[in-house]
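Descriptive analysis of the structure
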Amino acid sequence: MKKTFIILAALCCCFSVKAKANGPLPTDEIWYTSTDGQVMYPNNSNAFGSTIVRNTYQDGKGIIKFNGTVTSIGTEAFWMCSSLNGITIPNSVKNFGSSAFANCTNLTDIAIPNAVESIGNYAFAYTGLTNITIPSSVTSIVMTAFETCQSLTTMIVEHGNTVYDSRNNCNAIIETGTNTLISGCKNSVIPFGVTRIGEYAFRNCTLANITIPNSVTTIGMRAFYGCTALEYIIFMPDTPPSFLPDCFEDCSKLSIIYVPEEAVNTYKDELSSYADIIKAINIEEIKAAAIAEIQNAFDGETGSAYLNGLIADEMAAINTAATIEIITENKVAALTKLNVVVPVYKVVKAEAFDNLPTEGTSGSYVKVILGEKTVKLYNPEKVEFGKE
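Here's what I pulled together on the structure shown here. (Residues numbered from 1 in each chain as written. Predicted model: local features only at pLDDT ≥ 70, side-chain atom pairs only at ≥ 80, totals over all residues. Heavy atoms only, no water.)

Some points on the overall build of the chain
Within the chain one finds three helices and 27 strands. Across the 388 residues in the chain, those meeting the buried criterion constitute 53%. Long-range contacts, defined as pairs at least 24 residues apart, comprise 42% of the intrachain contacts of the chain with a sequence gap of at least 6. (Helix = DSSP H or I, 4+ residues; strand = E, 2+ residues; numbered from the N terminus. Buried < 20%, exposed > 50% of the residue type's maximum accessible area, 1.4 Å probe, protein only. Contact = heavy atoms within 4.5 Å.)

What follows is the structure, encoded as structure tokens:
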């Protein structure tokens, strides 16, 4: 499984791709686009902190006008507004209430304003969102806020958020203080350091495989419920985590659960209903195969490399704080994470590093030779230059 992480540009607090307009958004308006080019009526007209006085649609844009400042997108504000395609919210909004956009199946794009502090139960559940960025202002997210967003591929928490993070470009939302992963998507990689996978964190997600790192001690109730595309799971811990009820219920394609060789019987006892599909996995063999695959990728002088097939999937399973980076022409592609210091290989294009910061860090790393320079790669934001 090739993991590609995209570094997004900072989003303007009042910007949404599908509902653009000239000039700043007034605090007493909401702009939107609809799939049918017609007026879209909110489900709950009392959910905004002010009264709607006008709702029009012309020249490809809808405008909902209020008699005062919009302070909230409250409970079921746009629930089941299936024609809603894009929306622009003013920066005066402080919270998204329960089911605010739930079942807006055609809503693919939204920018959460940087004044929002809370996101409620099922706020964006069953929408068509493909990416989401959580501003630094958000201090409360209910675990089911993004449940069953099956098109979601990117989840980012802005730097500076004191309550949540998306460390190591993991494409998930983690509650920093408790190291609980509260919401994930089909491209999530659970980073080492996470100790709990929260209730409903991946419910009805379309991920094909997942690895549980050594740090995880608890898997919450229905954490992976309804993951019908999930084919295999790799457990790294020698001691099985605590499994709360129905954590893998209704994963209809789940055909194999890999666990450390010495822990097979223990896992079978803990997951007795899955005993027939629990198999031993030799972690050291996977590491060796992963290193060989990387070496093969760098054998040429092409300046680019891609990992594919089962080995790439298994490589993504080996968890650590280190991120393997393959440097291509003016691109940095974070492909996977590996619990090993990778040997030194050659990359042709040194200029790919020109605009990267040079702050170092500690821990496992990947070294890449660029002429006389050695680069230690920790993650896409931090690199360290030096002589070999």
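Some details on the sheet that holds strand β20 (residues 256-260)
With parallel pairing, four strands are arranged side by side in an open sheet as β16-β18-β20-β21. Because the sheet does not close on itself, it has two edges, and the strands there are β16 (209-212) and β21 (278-281). Sheet twist, expressed as the mean angle between neighbouring strand axes with direction ignored, is 20°. Looking at chain direction, strand β18 (residues 232-235) and β20 are connected through three bridges and run parallel. Its bridge partner being in β20, I234 is matched across the sheet by Y258. (Pairing = 2+ DSSP bridges. Axes fitted to C-alpha atoms, helices over the stretch in contact; angles between N-to-C directions.)

Regarding the pairing of β21
In this sheet, β21 lies alongside β20 in parallel orientation, the contact comprising four bridges. Bridged to V259 within β21 is A280. In the classification by handedness, the crossover that spans β20, the intervening helix α1 (residues 264-270) and the parallel β21 is right-handed. (Right-handed = clockwise from strand over helix to strand, strands pointing away.)

Notes on the pattern of salt bridges
Counted according to the given criterion, the structure contains six salt bridges. For the salt bridge of R196 with E199, the shortest nitrogen-to-oxygen distance reads 2.5 Å. (Salt bridge = Lys/Arg side-chain N within 4 Å of Asp/Glu carboxyl O.)

Some thoughts on unusual backbone geometry
Even without a glycine there, the phi angle at N168 is positive, about 55°. With respect to the element layout, N168 can be found in the loop between β12 (164-165) and β13 (172-175). Despite not being glycine, N169 shows a phi value in the positive range, around 55°. Position of N169 relative to the elements: it lies in the loop between β12 and β13.

Points about the nonpolar core
Core analysis: the biggest nonpolar cluster contains 43 residues, and I73, F78, F101, I119 and F146 have the highest contact counts within it. Going through the elements one at a time, β1 (29-34), β3 (61-66), β5 (84-88), β9 (131-134) and β11 (154-157) are the ones with two or more residues in this core. (Core = buried A, V, L, I, M, F, W, Y, C linked by side-chain atoms within 4.5 Å.)

Overview of the packing of aromatic side chains
Tallying each qualifying case throughout the model produces 16 aromatic pairs. Between the aromatic rings of F248 and Y274, the centroid separation amounts to 6.3 Å while the plane-to-plane angle is 85°, which identifies the pairing as edge-to-face. Taken together, the residues span a long stretch of sequence, with F248 in the loop between β19 (242-243) and β20 and Y274 in the loop between α1 and β21 at a distance of 26 residues. (Phe/Tyr/Trp six-rings, centres within 6.5 Å; stacked < 30°, edge-to-face > 60°.)

What to know about the side chain of N171
Within the secondary structure, N171 sits in the loop between β12 and β13. A distance of 3.2 Å separates the side chain of N171 from the backbone nitrogen of M155, its partner in a polar contact. (Polar contact = N/O pair within 3.5 Å; in protein donor to acceptor, adjacent residues only side chain to side chain.)

Focus: the environment of P26
Tracing the backbone shows P26 in the segment before β1. Under the relative-accessibility criterion, P26 is labelled partly exposed at 30%. Between the C-alpha atom of P26 and that of I89, which follows or precedes it by 63 residues, the distance is 9.5 Å. Look past the residues within four positions of P26 in its chain and what remains in contact with it is W31 and P90.

Notes on the sheet that holds β19
Across the sheet, six strands lie side by side as β12-β13-β14-β15-β17-β19; this open sheet has mixed pairing. Strand pairing shows two members of the sheet lacking a second neighbour, β12 and β19, which therefore form its edges.

Some words on the state of the cysteines
If you walk through the whole model with that rule in mind, you get zero disulfides. The structure places no disulfide on C247, whose sulfur is separated from the nearest cysteine sulfur, that of C251, by 8.5 Å. Note on C251: no disulfide assigned, nearest cysteine sulfur contributed by C227 at a separation of 4.9 Å. (Disulfide = S-S within 2.5 Å.)

Description of the environment of V216
Locating V216 in the fold gives a position in the loop between β16 and β17 (218-219). Overall, V216 belongs to the buried group, its relative accessible area being 2%. Measuring from C-alpha to C-alpha, the distance between V216 and T239 comes to 9.9 Å, with 23 residues separating the pair along the chain. If we ignore the near neighbours within four places in the chain, the residues touching V216 are I190, V194, T195, I197, P237 and P241.

Regarding the environment of S72
For S72, the position within the fold is in strand β4 (residues 72-73). With 22 residues separating them along the chain, S72 and K94 place their C-alpha atoms 5.8 Å apart. Other than its neighbours up to four places away in sequence, S72 contacts A47, F48, V93 and N95. At a separation of 3.4 Å, a polar atom in the side chain of S72 contacts the main-chain amide nitrogen of G74. Of note is the side chain of S72, whose polar atom sits 3.1 Å from the side chain of N95.

Quick word on the pairing of β13
Relative to β13, β12 runs antiparallel, the two being bridged by two bridges. The partner of Y164 across the bridge, within β13, is E175. What sits between the antiparallel neighbours β12 and β13 is a turn of six residues, in which N168 has the positive phi angle 55°. When β13 meets strand β14 (residues 180-184), the two strands line up antiparallel, connected through four bridges.

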